[in-house]
Amino acid sequence: MTPTAPVSRRQFLSLAGMLAGTAALAACSGSPIAGQTARPLQFWHLLSGADGVTMSGLIDTANAAQTAYGVHPTVLSWGEPYYTKLAMAAAGGRAPDLSVMHASRVVGYAPGGLLDPWDVQRLADLGVDEASFPAAVWEKGFVGDDLYSVALDAHPFILMFNTEICERAGVLDSDGRLRAVSSPEDFLELARAVAGESEGHGLSYGYLGDGAQMWRLFYTLYTQHGSEIELPEGGTAEMDDDVALTALTFMQQLLDGEIAARENDYQSAIAEFATGRSGLFLTGVWELRSMQQADLPLDATLIPTLFGTPSVYADSHAFTLPHQSSPNPETRDLVYRFVADILKGSFDWAGAGHIPAYLPVTEAPAYADLLPQAHYAEAAEYVRYDPPAWFTGSGSRFQAEFGSAVQNVLLGGDDPVAAITRFRSRLDTQLRTPNPANPQGGAS
Amino acid sequence: MTTTAPAASTATVVTGRPGARVRHATGERRETAAAWGFLTPFMIAFVLFLVWPLLHGLYLSFTDQSLTGAGGGFVGFANYAEALGDPVMWRSLGNTVWFTILSTVPLVLLALVMALLVHRGLPAQWLWRLSFFMPYLLASTVISQIWVWIFNPQIGAANRVLAWFGLEPLAWLQSPDTNMYAIVIATVWWTVGFNFLLYLAALQNIPAQQYEAAAIDGAGPWRQLWSITLPQLGQVTVLIVILQMLASLKLFDQAYQMLGGVASDTTRSIVQYIYEAGFVGYRFGYSSAISYVFFAIIVIIGVVQAFAMRRRGEQS
């Protein structure tokens, strides 16, 4: 006897089809809360980890505070992958409505027509103008006469310290802050004192295989001499070799195996400081949140001025308008509103360690109470970005080339003079190459 | 020994009835049509994804085309002239050849030794086969991460091993003196399983009777190895060496990932330089020119290899 199926195959398929159709229709209807009026804004950024979580919070807050727009962020891996994708999207003219770039990378994009300029007047109408930014940070947004990026923050290279270890080493002043030092010798002495009280090394500094890390410290020390590197297009690099030599030799002195480990990569340096085995840590502000989560007795300060001029390597996460062939005016106007909303609400961004670029945020009393952020906030006044050129900037080949040229000086004690000559030669090769995004040169 | 003629050829010979040739011709046409039917999808894919990009790349190599869409003007042989005078290109090429030499030798010899050991009847053969071949199944991202940990100067296992022997710790991946060797070690661990498998298959194809006959004649294991096994592995060794050289010349992903995308003078391969020129420096024209210089070098190596093999074949 053939058993009778309770539901025939045809019935089953019909039922499944109906269910699928219903589900598809339900998906198309969207959420009633999302609203019919909110215009979607496509936003690409490169912020992951703790920064990514903080940025998601800022976006959610901005989305919830109004009904005109709904920002949909796309997070891409930072560095080469991000910048390549962004350049290609902009070259095709169908880029997202808004992107975050490092301010130092803008100069490689703007003259090639990969970015659209901001309307300064419209920004001013929304309360975002020159007066509301530190001068160096606002000016960095310009390429020629046009504003191409609006900074969200400044994220300098700083010095974190473990207050317990430093106190034992006797290098704190009466306020519990790191004792002021003003010469390389003083700093070496201070770091040795800290090393004496540390289980590991006095100073954690990870640089192996990381051109950016080497560059950040080098350029901080280089610019503390009151010098900057100039990279004129088609010319040769203008770099003071004596100053470069002093900076590099000082870095070599730090990595003596006592003050700092000779062989330390970035992650190992983080691990050393986060586990309380070192008293000082040379790093970017972006590591602050993870260090706070490590529950350390923590404070932070600017890298001391050792060569006369207060200066610190930094970059800024900055809002840019990747080129669109025919931008929708209403969408673009909402992008301006969104950027203004985020800047004004960027107090939470300080929680991630960054120094908000929007002055009303850092000048508010609440920011003064935010420690240790307030202890290094003045770094925004002394920021030095990468020397402007199409091939420089955060995550660029330039920084990798620098690391490649000097790493063995730090690791193997090689001759710093030869390393500087090597770096100079690489710079000159790059300078001879026209900006590939704008091979004809000039502003587009 | 008897052979049976295929049915189709019987049909062509045994004719005599009118119309048989016509039917045969129709069958042949059908077969041809069917063959084209099977071939066409592949041909379309071949032209679209190989022939066209090859020709387009060749065209680009004569332009200053940027990845961002700028430029594109014809520049003649300027890119080739620049490539031939570019020390970074030559250095990258040198690194690639050095890696090929360093990796091919152990990848062939180790695979042979491993296959011989397993074939000779180690206990738990399945376990050895699995463990030798397993790394080959892993993605380059996975093996890169594993070896980044192993080579970590502070906490990695590699320096622990050095410490057992009283040796100083090394910055394996970061020091220009050691990073190429570190990449070779990781690559050998990762890919030796494939060559091992080829050797094992070849070993299993050697008839057991030959060993039995040799044993009766009094040949010991070493004599059998030298006089039976190794000579019969000659052809598969040539195949493995060729495949290995081609694979090693394409060095890129594991080196790029293990060094975190950092351009190291001592490990930058030619493929990485092509990538850097095109996707980091946005210079598509120049990148294409380097690709074609590399292509030409591979063709030359291939031709030399083919001649060498033919001479060897003639001699044998």
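See the structure shown above.
Since the structure is predicted, the reported quantities are computational estimates derived from the model, not experimental observations. (Residues numbered from 1 in each chain as written. Chains lettered and ligands numbered in written order. Predicted model: local features only at pLDDT ≥ 70, side-chain atom pairs only at ≥ 80, totals over all residues. Heavy atoms only, no water.)

What follows covers the overall build of chain A. Check the secondary structure of chain A and you find 19 helices and 15 strands. The principal-axis extent of the C-alpha atoms belonging to chain A is close to 90 × 60 × 55 Å. Within the span of chain A, comprising 444 residues, buried residues form 55% of the whole. Considering only residue pairs separated by 6 or more positions, chain A has 78% of its internal contacts joining residues 24 or more positions apart. For chain A, the separation between the mean place of its 25 positive charges and that of its 52 negative charges on side chains is 11 Å. (Helix = DSSP H or I, 4+ residues; strand = E, 2+ residues; numbered from the N terminus. Buried < 20%, exposed > 50% of the residue type's maximum accessible area, 1.4 Å probe, protein only. Contact = heavy atoms within 4.5 Å. Lys, Arg positive; Asp, Glu negative; His and termini not counted. Charge placed at Lys NZ, Arg CZ, Asp CG, Glu CD.)

In this structure, Phe-218 and Leu-280 of chain A are the most contacted members of the largest nonpolar core, which totals 84 residues. Phe-218 of chain A has contacts with Ile-229, Ala-244, Ala-247, Leu-248, Met-251 and Phe-402 of chain A, leaving out every residue within four places of it along the chain. (Core = buried A, V, L, I, M, F, W, Y, C linked by side-chain atoms within 4.5 Å.)

Residue and element names in this part refer to chain A. Inspection of the secondary structure assignment puts Leu-254 in helix α10 (residues 241–254). Taking the relative accessible area as the measure of exposure, Leu-254 reaches 2% and is therefore buried. With 25 residues separating them along the chain, Leu-254 and Ile-229 place their C-alpha atoms 23 Å apart. If we ignore the near neighbours within four places in the chain, the residues touching Leu-254 are Phe-187, Leu-188, Leu-203, Leu-217, Ile-259, Ala-260 and Leu-282.

With that out of the way, let us pick up the pairing of strand β8 (residues 153–162) of chain A. All names here are of chain A. Among the 10 residues of β8, 10 are classified as buried, and the element is accordingly described as predominantly covered. Judged from the two bridges that link them, β8 and strand β14 (residues 355–356) form a sheet pairing that is antiparallel. The residue of β14 that forms the bridge with Asp-153 is Pro-356. Where β8 meets strand β10 (residues 280–284), five bridges bridge the pair, whose relative direction is antiparallel. (Pairing = 2+ DSSP bridges.)

What follows concerns helix α8 (residues 184–197) of chain A. All names here are of chain A. For α8, with 14 residues, the first-to-last C-alpha span of 20 Å sits near the 20 Å given by 1.5 Å per residue. The complete set of buried residues in α8 reads Pro-184, Phe-187, Leu-188, Leu-190, Ala-191, Val-194 and Ala-195. Seen along its axis, α8 keeps its buried residues to an arc of 165 degrees; they face one direction. The exposed set on the far side of α8, more than 90 degrees from its buried face, consists of Glu-185, Glu-189 and Gly-196. In this fold, the buried residues of α8 make contact with β8, α7 (163–168), α10 and β10. (Expected span 1.5 Å × (residues − 1). Arc of directions from axis to C-beta.)

With 31 residues of chain B at the interface, the matching set in chain A holds 28 residues. Interface area for chain B against chain A, summed over the two sides, is near 2,300 Å², with a carbon-plus-sulfur share of 53%. A per-residue breakdown of the area chain B buries against chain A is headed by Thr-68, Gln-174 and Tyr-282 of chain B, which together make up 23% of the total. Our count for the contact surface shared by chain B and chain A stands at two salt bridges. Across the chain B-chain A interface, the total number found is eight residue pairs in polar contact (both at pLDDT 80 or more). At five residues, helix α13 (residues 270–280) of chain B tops the list of elements feeding residues into the side of chain B that touches chain A. Along the lines of polarity and charge, the residues of the side of chain B that touches chain A split into 15 nonpolar, 11 polar and five charged. (Buried area = accessible area lost by both parts, 1.4 Å probe. Salt bridge = Lys/Arg side-chain N within 4 Å of Asp/Glu carboxyl O. Polar contact = N/O pair within 3.5 Å; in protein donor to acceptor, adjacent residues only side chain to side chain. Nonpolar A, V, L, I, M, F, W, Y, C, P; charged D, E, K, R; others polar.)

A word on the packing of helix α8 (residues 179–204) of chain B against helix α11 (residues 234–249) of chain B. Residue and element names in this part refer to chain B. Where α8 contacts α11, the two axes come as close as 10 Å, and the packing angle between them is 165 degrees. Taken together, α8 and α11 sit at an angle that is classed as roughly antiparallel. Viewed along their axes, α8 and α11 form a crossing whose handedness is right-handed. Within the contact between the two elements, α8 uses Phe-194, Asn-195, Leu-198, Tyr-199 and Ala-202 and α11 uses Val-236, Thr-237, Ile-240, Leu-243 and Gln-244. (Axes fitted to C-alpha atoms, helices over the stretch in contact; angles between N-to-C directions. Parallel < 35°, antiparallel > 145°, perpendicular 65-115°, else oblique. Left-handed = near helix turned anticlockwise from the far one by under 90°.)

The next subject is the pattern of salt bridges. Tallying each qualifying case throughout the model produces 14 salt bridges over all chains. Glu-276 of chain B is the salt-bridge partner of Arg-268 of chain B, the closest N and O atoms lying 3.0 Å from each other. A relative accessible area of 3% means that Arg-268 of chain B is categorised as buried. The exposure class assigned to Glu-276 of chain B is buried, which follows from its relative accessible area of 3%. One network of salt bridges, in which partners are shared, links Arg-397, Glu-401 and Arg-426 of chain A together with Asp-265, Arg-268 and Glu-276 of chain B.

Secondary-structure assignment places Ser-287 of chain B in helix α14 (residues 284–315). Discounting residues that sit within four places of it in the chain, Ser-287 of chain B has contacts with Ile-274, Ala-277 and Gly-278 of chain B.

The next subject is the packing of helix α18 (residues 397–412) of chain A against helix α19 (residues 416–432) of chain A. Residues and elements named next belong to chain A. Following both chains from N to C, one finds α18 and α19 inclined at 160 degrees, their axes separated by 8 Å at the closest point. One element, α18, and the other, α19, form an angle in the roughly antiparallel class. Between α18 and α19 the crossing geometry is right-handed. Two secondary-structure elements touch here, α18 through Arg-397, Phe-398, Glu-401, Phe-402, Ser-404, Ala-405, Val-406 and Val-409 and α19 through Pro-416, Ala-419, Arg-422, Phe-423, Arg-426, Leu-427 and Gln-430. Counted by class, the contact of α18 with α19 contains nine nonpolar, two polar and four charged residues.

Once that is clear, we can look at the side chain of Arg-283 of chain B. Along the chain, Arg-283 of chain B turns up in the loop between α13 and α14. Judged by relative accessible area, Arg-283 of chain B falls into the buried class, the value being 18%. The contacts of Arg-283 of chain B, once residues within four sequence positions are left out, are Thr-433 and Pro-436 of chain A together with Gln-65, Asn-79, Glu-82, Ala-277 and Gly-278 of chain B.

Before going further, it helps to spend a moment on unusual backbone geometry. In this model, Leu-371 of chain A is joined to Pro-372 of chain A through a cis peptide bond whose omega is 5 degrees. On the secondary structure map, Pro-372 of chain A appears in the loop between α16 (365–368) and α17 (373–376). A positive phi angle, near 55 degrees, is found at Ala-124 of chain B, a position not held by glycine. Its place among the elements puts Ala-124 of chain B in the loop between α4 (87–119) and α5 (125–133). The residue Tyr-282 of chain B is not glycine, and still its phi comes out positive at about 65 degrees. With respect to the helices and strands, Tyr-282 of chain B occurs in the loop between α13 and α14. With a relative accessible area of 7%, Tyr-282 of chain B lands in the buried category.

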